[in-house]
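# Secondary and tertiary structure notes
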Amino acid sequence: MKKVAFSGLFLFLFSCSTFFDKKVCTVGDEVLYEKDLNTIISILYPDYEEEKARELAIQQWANQQRIKFEINEKLPEASFKNSLQSKQELMTLNLFELENQYIQQNLDTTVTEDEIHEYYNTHRDNYKTQSYIVRALYIKMPDTMATILNIDSLFMLNNEEDREEIKKYANLYATNFYFEENRWIFFDDLMREVPISASEKNELILNKGKAKYSEKGEAHYINIFDYRTKSISSPLEAERDIIKRHILTRKINNLRKDAKETILKNAEKKYPITYH
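A few points on the structure.

### A word on the overall build of the protein
Along the backbone of the protein there are eleven helices and seven strands. Counting across all 276 residues of the protein, residues that qualify as buried make up 30%. Of all intrachain contacts in the protein linking residues separated by at least 6 positions in sequence, the fraction that spans at least 24 positions is 67%. Looking at the protein as shown, the accessible area adds up to about 18800 Å², and 51% of this sits on carbon and sulfur atoms.

### So, helix α2 (residues 34-44)
Taken together, the buried positions of α2 are Glu-34, Asp-36, Leu-37, Ile-40 and Ile-41. Buried residues of α2, seen end-on, are gathered within an arc of 160° and therefore sit on one face of the element.

### As for the packing of aromatic side chains
Tallying each qualifying case throughout the model produces four aromatic pairs. Consider the rings of Tyr-45 and Tyr-48, whose centres lie 5.7 Å apart with planes at 80°: the pair is edge-to-face. Using a relative accessible area of 13% as the deciding quantity, one classes Tyr-45 as buried. Relative accessible area serves as the criterion here: at 45%, Tyr-48 is assigned to the partly exposed category. A ring pair is formed by Tyr-169 and Tyr-173, whose centres lie 6.2 Å apart and whose planes are at 45°; its orientation type is tilted.

### Quick word on the environment of Thr-274
With respect to the element layout, Thr-274 can be found in the segment after α11 (236-270). A residue is classified by how much of its surface remains accessible, and Thr-274, at 56% relative accessible area, is exposed. A C-alpha to C-alpha distance of 96 Å links Thr-274 and Ser-153, two positions 121 residues apart in sequence.

### With respect to the packing of helix α4 (residues 76-106) against α11
Contact geometry of α4 with α11 gives a least axis separation of 9 Å together with a crossing angle of 120°. Between α4 and α11, the angle falls in the class oblique. Crossing of α4 over α11 shows right-handed handedness. Mapping the contact onto sequence places Leu-95, Phe-96, Leu-98, Glu-99, Asn-100, Tyr-102, Ile-103 and Asn-106 in α4 and Ile-252, Leu-255, Arg-256, Asp-258, Ala-259, Lys-260, Thr-262 and Ile-263 in α11.

### Some remarks on the packing of α2 against helix α3 (residues 50-74)
Between α2 and α3, whose axes approach to 9 Å, the crossing angle comes to 105°. Relative to α3, the element α2 is oriented roughly perpendicular. Residues Glu-34, Leu-37, Asn-38, Ile-40, Ile-41 and Leu-44 of α2 lie in contact with α3, whose contacting residues are Ala-53, Arg-54, Ala-57, Ile-58, Gln-60 and Trp-61.

### Brief notes about unusual backbone geometry
We note that Asn-150 has phi near 60°; this positive angle belongs to a residue other than glycine. A relative accessible area of 42% means that Asn-150 is categorised as partly exposed. Unusually for a residue other than glycine, Lys-208 sits at a positive phi of about 50°. One can find Lys-208 in the loop between α10 (198-206) and β6 (210-215).

### Side note on a negative patch on the surface
The grouping of Glu-49, Glu-50, Glu-51 and Glu-55 at the surface amounts to a negative patch. Within the element layout of this structure, Glu-51 appears in helix α3. Accessibility expressed as a relative area gives 69% for Glu-51, which makes it exposed.

### Points about the pattern of salt bridges
According to the stated counting rule, one finds 16 salt bridges in the structure shown. Between Arg-163 and Glu-181 there is a salt bridge, with its nearest N and O atoms 2.7 Å apart. Of this pair, Arg-163 sits in helix α8 (residues 160-173) while Glu-181 is found in the loop between β4 (176-178) and β5 (185-186), placing the two residues 18 residues apart along the sequence. On the basis of relative accessibility, which here comes to 17%, the residue Arg-163 falls in the buried class. Under the relative-accessibility criterion, Glu-181 is labelled buried at 16%. When the shortest N-O distance is used, the salt bridge between Glu-237 and Arg-240 registers 2.5 Å. Here Glu-237 and its partner Arg-240 are both found in helix α11, three residues apart, which amounts to about one turn of the helix. Of the residues examined, Arg-240 reaches a relative accessible area of 14% and is grouped as buried. Three or more residues joined by partner-sharing salt bridges are found here, namely Glu-113, Glu-237 and Arg-240.

### Quick notes on the pairing of strand β1 (residues 23-27)
Note: β1 against strand β2 (residues 30-33), four bridges, orientation antiparallel. Bridge assignment links Cys-25 to a residue of β2, and that residue is Leu-32.

Rules used in this analysis
- Every residue gets a number counted from 1 within its own chain, in the order that chain's sequence is written.
- A pLDDT threshold of at least 70 governs which residues receive local features in this predicted model, and a stricter bar of 80 or more applies before side-chain atom pairs are shown or counted, although totals over entire chains, interfaces and linings include all residues.
- Here the side-chain values reflect all heavy atoms present in the structure, with hydrogen atoms and water set aside.
- Helix numbering and strand numbering both begin at the N terminus, where a helix is a DSSP run of H or I of at least 4 residues and a strand a DSSP run of E of at least 2.
- Only protein chains enter the accessibility calculation, which uses a 1.4 Å probe; a residue is then buried when its area is under 20% of its type maximum, exposed when over 50%, and partly exposed in between.
- Any two residues whose heavy atoms approach within 4.5 Å are treated as being in contact.
- Per-residue accessibility takes into account occlusion by the displayed protein chains alone, with areas from the Shrake-Rupley method and a 1.4 Å probe.
- Note that the arc is defined by the directions from the helix axis to the C-beta atoms.
- Each aromatic pair joins two rings of Phe, Tyr and Trp (for Trp, the six-membered one) with centres within 6.5 Å, and gets the label stacked for planes under 30 degrees apart, edge-to-face for over 60, and tilted for any other angle.
- Axis angles are defined between N-to-C directions and span 0 to 180 degrees, where every axis is a line fitted to C-alpha atoms and, for a helix, only to the segment in contact.
- Roughly parallel refers to an angle under 35 degrees, roughly antiparallel to one over 145, roughly perpendicular to one between 65 and 115, and oblique to any angle outside these ranges.
- The crossing is said to be left-handed when, going from far helix to near helix, the turn is anticlockwise and less than a right angle, and right-handed when the turn is clockwise.
- Like charges are joined within 9 Å and nonpolar side chains (Val, Leu, Ile, Met, Phe, Trp, Tyr) within 5 Å, but only among residues with over 30% relative accessible area and no salt bridge; these make up the patches.
- Each reported salt bridge corresponds to a side-chain nitrogen of Lys or Arg within 4 Å of a carboxyl oxygen of Asp or Glu.
- His residues and chain termini do not enter the charge count, which takes Lys and Arg as positive and Asp and Glu as negative.
- Taken as the charge location is NZ of Lys, CZ of Arg, CG of Asp or CD of Glu.
- Two strands qualify as a pair provided DSSP detects at least 2 bridges between them.

So, in C-alpha cells, the structure goes:
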C-alpha cells in the first residue's frame, strides 16, 4: 500500500513540474527534474548522505520508468488494469487522510462522568473476573514463637484438641489470624500478607491443602477446607482510563462514518462531472 502511495505521489509531482525546472536525467521521453528529485529524497532517503541519496533516488525513479515502458510494450492490458487498481488504492489512502483531518477538526475529546458510568454499567460483564472464595483457617506469628509452641504440628488439626490449642495460641501470640472456618472469605483478602506465587495459590486452593510460608521472621499458616469461584466486578476507578479510551475510540469511529460521507458529498459539489 505504501508503494502505491509513493507511485501516485511521484506521478503527481512530475505532472506539476514546470518548464523552468533543471533537468537531472531522462529515461525514454520521461524527464526527472531537480525539484522532483529533492522531493523524492526528502520522502524516501532523508537519512542518507546527499550524494548517496541522489544516487538512490535517481535509480528509484529510473526503474519506475523502465518498468512502465516495459509493461506498456509487452502487457498493455495488465498495465491498464494495474493503473486502475493503483488509482483506486491511492484514492482510498487519500480519503483516509482527509477523514483523519475531519476527525481532528470535529472530535470532542471531552469524556463526562455520566458517559463513563453509562459505559461501565452497560459493559459491566467485560470487567468481571473470577476470584476464589474459601473456608479456611489462617494464623501468623513470629517464627521463634511458632517453633516453641510446635505450631507446625498443631496446625495439621489432627484432632479437636489441636484446634482448641491453635485458637488459644492465636489469641495470645498471633500477629494476625482468621478462625471463622464456616464463613466464606475471598482468598486474596485472606492471603494479603502472605508471600505466595500465583501457581502456589492455585495448587493450594485446588488441593484444599495446608501450608506454611515464612518471611522476615514471620510464619504464615493456612489451612483450606473448601473453595468456590465467584465473579466480581473490577472497580470503576481501576477501569476509568481504559473506558475513556473506549469512548473516544467509539466517537472517532462514528465520526469516520460521517467524515467519509461528508467529504464525498462536498467533493461532488466542488468538482461535478461534466459529460461530453
